[in-house]
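Listed here are the chains, written in short residue letters.
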Amino acid sequence: MTGRVGGKVAFITGAARGQGRSHAVRLAQEGADIIAVDICEPIRDVVYPASTPEDLAETADLVKALDRRIVTAEVDVRDYQALKTALDSGVEQLGRLDIVVANAGIGNAGNKLHKVREHIWRDMIDINLTGVWKSVKAAVPHLLSGGRGGSIILTSSVGGMKALPHTGHYIAAKHGVVGLMRTFAVELGPHMIRVNSVHPTQVNTPMAMNDVTFRLFAPDKENPGPEDFAPISQMGHTLPVPWVEPEDISNAVLFLASDESRYVTGVQLPVDAGSLLK
């Protein structure tokens with residue numbers, strides 16, 4: 001049995017750890033070969049530790065352990081030419097492209113929207129919105145030349161479907177991702193290329209699980225940890241859970257990447273424990 005995406009090649013950004021790594025492993029489990037990129041270096045004012053080359057190498061090892069091929073590159077999604085070069089090389093080595101998961105994103109310093117510093121706003125939009133556009137822009141020619149259609153999945157957020165305070169720059173970027181998704185879906189639909197977005201709530205990755213987040217949600221605690229964050233985070237959900245796991249998002253990505261969703265396009269798919277019902 002070849003698996004639900006057997007014989008296909010997936011391009012994943014932000015693949016060194018967290019959701020990106022989980023997507024790479026899940027798609028590989030179901031038969032896909034992987035082109036994985038990540039910046040693997042710090043970004044100014046991002047409030048949690050950066051991914052590293054060692055993280056990306058570990059992703060590669062996990063995929064290889066599943067007897068799938070993987071091509072990796074250290075690439076900043078803000079750099080279109082570097083993205084294109086890495087993807088072109090990956091397609092040349094693996095022979096095709098079928099799936100795109102534009103997952104790379106950051107969470108940087110927050111504030112009320114009228115108080116956000118300009119470089120904080122610029123980095124957020126450049127990575128979480130423009131970087132998504134550049135990732136898809138680099139991939140579309142390969143999907144078109146393959147003539148087999150394809151599936152593009154963009155990582156947005158519950159913050160792409162509702163407003164939250166003190167993260168207006170993030171909210172703006174993630175709402176913008178929905179606009180990209182819908183427009184790409186319209187423009188690429190005649191070629192049987194489907195485009196959808198996933199909208200996670202809090203996910204158990206370094207972006208959410210870090211000391212800055214813990215202090216933000218439990219300011220009255222001297223050294224707050226996950227156990228202090230959990231009950232407050234859970235209040236935002238309908239289901240009685242404080243956060244979801246990367247694998248939960250990966251299962252949604254797999255569905256959208258597979259032929260099981262062959263006529264699904266232009267859809268916003270929440271994986272949010274009922275956050276949007278609140």
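Going by the annotation in an unreviewed UniProt entry, the name recorded for the chain is Mycofactocin-coupled SDR family oxidoreductase, with Mycobacterium deserti given as the source organism. Within the UniProt record for the chain, the comment given under Sequence similarities (unreviewed entry) is "Belongs to the short-chain dehydrogenases/reductases (SDR) family."

Participant: Looking at this structure, I do not really get the overall build of the chain. What am I missing?
Facilitator: Within the chain one finds 8 helices and 7 strands. What you see for the chain is a C-alpha radius of gyration of 18 Å, in line with the 19 Å of a compact globule of 278 residues. Its C-alpha atoms give the chain principal-axis dimensions of roughly 55 × 40 × 35 Å. Looking at the 278 residues of the chain, the share that counts as buried comes to 53%. Residue pairs in contact within the chain that sit at least 24 positions apart in sequence constitute 74% of those at least 6 positions apart. Looking at the chain as shown, the accessible area adds up to about 12,500 Å², and 54% of this sits on carbon and sulfur atoms.

Participant: For this particular structure, what's the right way to read the side chain of His199?
Facilitator: Structurally, His199 can be placed in strand β6 (residues 193–200). Filtering out sequence-adjacent residues up to four positions away, His199 remains in contact with Ser156, Ser157, Val158, Gly160, Met161, Val178, Gln268, Leu269, Pro270, Val271 and Asp272.

Participant: Honestly, the packing of aromatic side chains in this entry has me stumped. Any pointers?
Facilitator: One pair of aromatic rings is described through two measures. These are the centre distance and the angle between the planes. This model, assessed by the stated rule, comprises 3 aromatic pairs. Between Phe214 and Phe229 the ring centres are 5.9 Å apart and the planes differ by 45°, which places this aromatic pair in the tilted class. Taken together, the positions of Phe214 in helix α6 (residues 211–217) and Phe229 in helix α7 (residues 226–234) put the pair 15 residues apart, joining distant regions of the chain. On the basis of relative accessibility, which here comes to 5%, the residue Phe214 falls in the buried class. Grouping aromatic residues by their ring pairs yields a cluster made of Phe214, Phe217, Phe229 and Trp243. We note Lys137 situated over the ring of Tyr80; from NZ or CZ to the ring centre the distance is 5.4 Å.

Participant: When you look at the nonpolar core in this model, what are you seeing that I'm missing?
Facilitator: Looking at soluble globular proteins, one finds that nonpolar side chains tend to be buried together. If you look at the biggest cluster of nonpolar residues, it comprises 43 residues, and the most contacted ones within it are Phe11, Leu87, Leu97, Ile152 and Leu154. Looking at this core, the elements that each hand over two or more residues are β1 (9–13), β2 (33–38), α3 (80–94), β4 (99–102), α4 (118–146), β5 (150–155), α5 (168–188) and β6. Listed in part, the 29 residues of the second largest apolar core include Ala36, Ala60, Ile153 and Leu256.

Participant: Would you explain the environment of Leu66 in this entry?
Facilitator: Along the chain, Leu66 turns up in the loop between α2 (53–64) and β3 (70–74). Looking at Leu66, the relative accessible area reads 33%, which means it is partly exposed. Considered as a pair, Leu66 and Glu30 are 36 residues apart in the sequence and their alpha carbons are 9.5 Å apart. For Leu66, the contacting residues outside a window of four places in its chain are Val25, Ala28 and Gln29.

Participant: I tried to follow the environment of Arg148 on my own but got confused; where do I start?
Facilitator: Position of Arg148 among the secondary structure elements: in the loop between α4 and β5. Along the primary structure Arg148 and His191 are separated by 43 residues, whereas in three dimensions their C-alpha atoms are 8.2 Å apart. When sequence neighbours within four positions are dropped, the list of residues in contact with Arg148 reads Arg96, Leu97, Asp98 and Leu143. At a separation of 3.5 Å, a polar atom in the side chain of Arg148 contacts the side chain of Asp98.

Participant: Help me understand the sheet that holds β4 in this model?
Facilitator: The pairing of strands in a sheet happens through backbone hydrogen bonds and is either parallel or antiparallel. Strand order in the open sheet formed by 7 strands is β3-β2-β1-β4-β5-β6-β7, with parallel pairing between adjacent strands. The open sheet has two edge strands with one neighbour each: β3 and β7 (268–271). Between one strand axis and the next, the sheet turns by 15° as a mean value, whatever way the strands run. Pairing of β5 with β6 involves 6 bridges; the strand directions are parallel. Across the sheet, residue Thr155 finds its bridge partner in β6, namely Val198. Here α3 sits on the sheet in contact with β1, β2 and β3, set at roughly 160° to β2.

Participant: I would appreciate a short explanation of helix α8 (residues 246–257) in the present structure.
Facilitator: Since there are 3.6 residues in each turn of an α-helix, residues three or four apart along the chain are aligned in direction. Taking 1.5 Å of rise per residue, the 12 residues of α8 would be expected to cover 16 Å, and the 16 Å separating its terminal C-alpha atoms lies within 8% of that figure. Buried residues of α8: Pro246, Ile249, Ser250, Ala252, Val253, Leu254, Leu256 and Ala257, and no others. For α8, the secondary structure elements touched by its buried residues are α1 (18–29), β4, β5, β6 and β7.

Cut-offs and rules
Residues numbered from 1 in each chain as written. Predicted model: local features only at pLDDT ≥ 70, side-chain atom pairs only at ≥ 80, totals over all residues. Heavy atoms only, no water. UniProt positions renumbered as here; feature names shortened; annotations may be inferred. Helix = DSSP H or I, 4+ residues; strand = E, 2+ residues; numbered from the N terminus. Rg over C-alpha atoms; globule rule 2.2 N^0.38 Å. Buried < 20%, exposed > 50% of the residue type's maximum accessible area, 1.4 Å probe, protein only. Contact = heavy atoms within 4.5 Å. Areas by Shrake-Rupley, 256 points an atom, 1.4 Å probe, with all protein chains shown as cover. Phe/Tyr/Trp six-rings, centres within 6.5 Å; stacked < 30°, edge-to-face > 60°. Lys NZ or Arg CZ within 6 Å of the ring centre and 35° of its normal. Core = buried A, V, L, I, M, F, W, Y, C linked by side-chain atoms within 4.5 Å. Polar contact = N/O pair within 3.5 Å; in protein donor to acceptor, adjacent residues only side chain to side chain. Pairing = 2+ DSSP bridges. Axes fitted to C-alpha atoms, helices over the stretch in contact; angles between N-to-C directions. Expected span 1.5 Å × (residues − 1).

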